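Per-entry structural report
Spelled out from the first residue to the last, the chains are:
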Amino acid sequence: MADLAFERTQQSGAAPVLVASNRGPVSFSSGDDGALTLKRGGGGLVSGLSAIDDPSAVWVCAALGDADRTAARQAPDGRLDLAGHDVGGQAVRMLDIEPGTFARAYNGIANSTLWFVHHLLYDTPVSPVFDDRFRREWESYTAYNTAFAEALAAEAAPGAAVLVQDYHLSLAPALLRTLRPDLRIGHFSHTPWAPPEYYRLLPDDVAAEVLTGILGADRAGFLTERWALAFADCCEAVLGAEVDRAARTVTHAGRTTRLGVHGLGADADFLRERAHRPDVDARLAALREAVGDRRTIVRVDRTELSKNIVRGLLAYRHLLRSRPEWLDRVVHIAFAYPSRHDLPEYREYTAAVQRIAREINDEFATPDWQPLILHVNDDFPRSLAAYRLADVALVNPIRDGMNLVAKEVPVVSDAGCALVLSREAGAFAELAEDSITVNPYDVIATAEALHRGLTMPAEERTDRTKRLAAAATALPPQQWFLDQLNALG
């Protein structure tokens, strides 16, 4: 095994720039006849990588389902571009990781452990429980990260720059450093980072291994300074690392890792163009017909536990109960799209959202007024239509790395929109001045914030929206990506 690792360090590919993430830029589905259909994805990473004008750049990702695995197996070394797939002008290597290993790494560790820690989601009297099952999941997480490190080592040219993305791949930088010490490695966390006293819920060895995994990078990037400093605090408390907060460096075991802050912004050009296509106009007309001449409160989220949808609905109910002047004068448009329904906590949460929505409509609806419109099926054009229509946008997460919805709504709003924003969203660092701040746990204060947003003078709302949009688009995805790449030297 040691000889094999040594042999790998002597090999190199041709890619001068590489990106690694769990989800790649494309996915596959299969028809009844077994034929594969490719679908391109979107989002900040896809937009960001398009800034690289180099066909030799490689994106390494995991196969997420059976059709992905079939495509990966049929391609030479998983290279979809070499198999003739139209992957958008970029080379893509899709890893066919054994399904059980992938499920334990992805659901057991990434989404049920690291996500919960960083978003402070545990019901600590009963969870977490780190037992034999957890240890099997951790072994799978290590194997999953090792597969990425080996693929990156094989594809990277000498001295290449590698940008590893997110909590799924916390161990990959150190593993890759062992295989290819010549590489310039960056890691970027798209989540918050837990404070030391919460982070140390993890078993001591696991807590240390996650930190040393990321410290294998030359540079560790975060969405806000708050998350970067929380990471540094954990390195100091758990590892005894030397931290220079002014210089944003962490030194441990003879290596120094620089910390960077890059607040991912909205893609203004794409959003504004996409928000005025005919399919969005049609959905906007349908929403306007349903709302009538009433005011609107809009939220668009996945049914992710950290998004705090339930308390948002309770705040709206309190608004209607405590301020009867809004009866028949406002409609709450809530889009709560399914997320991680393979985990029981998420299925239960979606059910709770639907139950409270029914209760609100049962309590307040009249023959001419439906106070709450809830949709749980994903529809991006409809989301953009709601953005355009919103008088008030409610973004009240318990904890969020950034929250792009808070940035997208002001960009496409037709008439100006008051933003009610949780102080626990990463976006708060950039948008606080022109938002209405809320404590995400305080339902009554959130209801009052909604009232303030609904009664905000039109001129003030318009002025705030312009400033919010400018702040929201200050670092668009392509520049966000290039800034990280350039920071690696």
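Scroll up for the structure.
Residue positions are given per chain, counted from 1 along the sequence in the order it is written. Selection of residues for local features in this predicted model requires a pLDDT of at least 70, selection of side-chain atom pairs for listing and counting requires 80 or more, and totals for whole chains, interfaces and linings are taken over all residues. Side-chain metrics in this entry use all non-hydrogen atoms of the structure; hydrogen atoms and water are not considered.

Quick look at the overall build of the protein now. Per the convention used, a helix needs a DSSP run of H or I reaching at least four residues, while a strand needs a run of E reaching at least two, with both numbered from the N terminus. Helix and strand counts for the protein come out as 19 helices and 17 strands. Relative to the compact-globule value of 23 Å for 489 residues, the protein shows a C-alpha radius of gyration of 23 Å, a close match. Seen through its C-alpha atoms, the protein measures out along the principal axes to roughly 75 × 55 × 40 Å. Burial statistics for the protein: of 489 residues in total, 55% are counted as buried. A contact between two residues is defined here by any heavy atoms of the two lying within 4.5 Å. Here the analysis covers contacts within the protein between residues at least 6 apart in sequence; of these, 78% occur between residues at least 24 apart. Accessible area for the protein stands at about 19,700 Å²; split by element, carbon and sulfur atoms hold 49% of it. Positive and negative side-chain charges in the protein, numbering 51 and 66 respectively, have mean positions lying 3 Å apart. Using C-alpha atoms as the atom set, the radius of gyration is obtained and then compared with a globule rule of 2.2 Å times the number of residues to the power 0.38. A 1.4 Å probe rolled over the protein chains alone gives each residue an accessible area, and that area as a share of the maximum for its type sets the label: buried under 20%, exposed over 50%, partly exposed in between. For the area figures, the Shrake-Rupley method with a 1.4 Å probe applies, and any residue is considered shielded solely by the protein chains shown. Only four residue types enter the charge count: Lys and Arg as positive, Asp and Glu as negative, with His and the chain ends excluded. Every charge is mapped onto a representative atom, which is NZ of Lys, CZ of Arg, CG of Asp or CD of Glu.

Looking now at the sheet that holds strand β12 (residues 295-302). Taking strand neighbours across the sheet as the criterion, the six strands line up as β14-β13-β12-β15-β16-β17 in an open arrangement whose pairing is parallel. On the outer flanks of this sheet lie β14 (372-375) and β17 (436-438), each paired with one strand and no other. On average, adjacent strands in this sheet sit at an angle of 20 degrees to one another, irrespective of strand direction. We treat two strands as partners when DSSP finds at least two bridges between them. Sheet topology note: the strand β15 (residues 392-395)/strand β16 (residues 418-422) ladder contains four bridges and is parallel. Across the sheet, residue valine 395 finds its bridge partner in β16, namely leucine 421. Lines fitted to the C-alpha atoms define the axes, with helices restricted to the stretch that makes contact. Angles between their N-to-C directions range from 0 to 180 degrees. The strands that helix α13 (residues 344-364) touches are β13 (330-337) and β14; relative to β14, the one it contacts most, it runs at about 155 degrees. On top of the sheet, helix α17 (residues 443-454) reaches β12, β13, β15, β16 and β17; it is set at about 170 degrees to β17, its chief contact.

This brings us to the nonpolar core. Within soluble globular proteins, side chains that are nonpolar generally end up buried alongside one another. Remark: nonpolar core denotes a set of buried residues (Ala, Val, Leu, Ile, Met, Phe, Trp, Tyr, Cys) joined through side-chain atoms within 4.5 Å. In this structure, Leu80, Phe148, Trp193, Tyr199, Phe231, Ile297 and Ile333 are the most contacted members of the largest nonpolar core, which totals 169 residues. Setting aside its immediate chain neighbours within four residues, tryptophan 193 contacts His118, Tyr199, Val210, Leu211, Ile214, Phe222, Trp227, Ala230, Phe231, Cys234 and Arg399.

Along the chain, asparagine 361 falls in helix α13. Among the residues examined, asparagine 361 registers a relative accessible area of 17% and is labelled buried. The definition of a polar contact used here is a pair of N or O atoms within 3.5 Å, where within protein one atom must be able to donate a hydrogen and the other to accept one, and adjacent residues in sequence count solely through side-chain atom pairs. In terms of polar contacts, asparagine 361 uses its side chain to reach the backbone carbonyl oxygen of leucine 372, at 3.0 Å. In this structure, asparagine 361 is in contact with Gln370, Pro371 and Leu372, ignoring residues within four places of it in sequence.

Here we take up empty space enclosed by the protein. With a 1 Å grid spanning the protein atoms alone, the term cavity applies to any set of points in which a 1.4 Å probe fits but cannot get out, the term pocket to an open set with protein on both sides within 12 Å along at least five of seven lines, and the term lining residue to any residue with an atom within 4 Å of a point. Grid points are joined across faces, edges and corners, and a volume is the space filled by probe spheres set on the points. Using the criterion set out here, one finds one cavity of 30 Å³ or more in the structure. Of the pockets and cavities examined, the largest cavity occupies roughly 60 Å³. Taken together, Leu163, Gly186, His187, Phe188, Arg219, Ala220, Gly221, Gln484 and Leu488 make up the full set of residues lining the largest cavity. Listed by contribution, the elements that provide at least two residues to the lining of the largest cavity are β7 (184-189) and β8 (219-222). Taken together, the residues of the lining of the largest cavity sort by class into four nonpolar, four polar and one charged. In the scheme used here, Gly and all other residues not listed as nonpolar or charged are polar, with Ala, Val, Leu, Ile, Met, Phe, Trp, Tyr, Cys and Pro taken as nonpolar and Asp, Glu, Lys and Arg as charged.

Given the number of residues in a helix, its expected span is that number minus one, multiplied by 1.5 Å. In a regular helix each residue adds 1.5 Å, so 14 residues correspond to 20 Å; helix α11 (residues 278-291) covers 20 Å between its end C-alpha atoms and thus fits that length. Where α11 is concerned, the buried positions are Val280, Leu284, Leu287 and Val291. Down the axis of α11, the smallest arc covering the buried residues is 65 degrees, so these residues share one side. With respect to the buried face of α11, the exposed residues turned more than 90 degrees away are Pro278 and Glu289. Packing partners of the buried residues in α11 comprise α10 (268-274), β12, β13 and α14 (380-389). Remark: glycine 292 follows α11 within two positions and exhibits a positive phi of approximately 75 degrees. Note that the arc is defined by the directions from the helix axis to the C-beta atoms.

At alanine 110, helix α4 (residues 99-118) is bent by approximately 35 degrees, the largest bend along its length. In terms of residue burial, α4 counts as a mostly covered element, since 15 of its 20 residues are buried. With a side-chain oxygen positioned 3.1 Å from the backbone nitrogen of glycine 100, the residue opening α4 is glutamate 98. Phi turns positive one or two residues past the end of α4, at leucine 120, with a value near 55 degrees. Given a residue, its bend is the angle between the two axes fitted to the seven residues that end at it and to the seven that start from it.

This brings us to the sheet that holds strand β1 (residues 15-20). The nine strands are arranged β5-β4-β1-β6-β7-β8-β11-β10-β9 in an open sheet whose pairing can be described as mixed. Looking at the sheet topology across the chains shown, the edges are occupied by β5 (91-95) and β9 (242-244). Between one strand axis and the next, the sheet turns by 20 degrees as a mean value, whatever way the strands run. Two elements, strand β6 (residues 156-165) and β7, share five bridges in a ladder whose sense is parallel. Across the sheet, residue leucine 163 finds its bridge partner in β7, namely glycine 186. Most of the contacts of helix α8 (residues 204-215) go to strand β10 (residues 249-252), to which it runs at about 110 degrees, and overall it touches β7, β8, β10 and β11 (255-261).

Once that is clear, we can look at the layout of surface pockets. Where empty space is left becomes clear once a probe the size of a water molecule has been rolled over the atoms. Empty space within the second largest pocket amounts to approximately 560 Å³. If you trace the second largest pocket, you find 21 residues lining it, with Gly108, Ser112, Arg133, Glu137 and Glu345 closest to the centre. For the lining of the second largest pocket, the element with the most residues is α4, which contributes seven residues. Among the residues making up the lining of the second largest pocket, the classes are represented as ten nonpolar, five polar and six charged.

Turning our attention to the packing of aromatic side chains. Stacked, tilted and edge-to-face are the three classes applied to pairs of Phe, Tyr and Trp rings, where Trp contributes its six-membered ring and a pair requires centres within 6.5 Å; stacked means planes under 30 degrees apart, edge-to-face means over 60, and tilted covers the rest. Summed over all chains, the structure comprises 14 aromatic pairs. Judged by centre distance (5.1 Å) and plane angle (25 degrees), the ring pair of tryptophan 138 and tyrosine 141 falls under stacked. Of this pair, tryptophan 138 and tyrosine 141 are both found in helix α5 (residues 132-155), three residues apart, which corresponds to roughly one turn of the helix. We note that tryptophan 138, like tyrosine 141, is buried. A centroid spacing of 5.1 Å and a plane angle of 80 degrees characterise the contact between phenylalanine 188 and tryptophan 480, whose relative ring orientation is edge-to-face. Here phenylalanine 188 is found in strand β7, whereas its partner tryptophan 480 is found in helix α19 (residues 477-487), with 292 residues between them in sequence. For phenylalanine 188, a relative accessible area of 1% gives the class buried. The criterion for a charge sitting over a ring is simple: Lys NZ or Arg CZ within 6 Å of the ring centre, and within 35 degrees of the ring normal. In this structure, arginine 329 packs its charged tip against the face of tryptophan 326, placed 4.5 Å from the ring centre. A cation over an aromatic ring shows up here: arginine 382 above the ring of phenylalanine 335, its NZ or CZ 4.8 Å from the ring centre.

Honestly, that's just the spatial picture; any functional story needs more than this.
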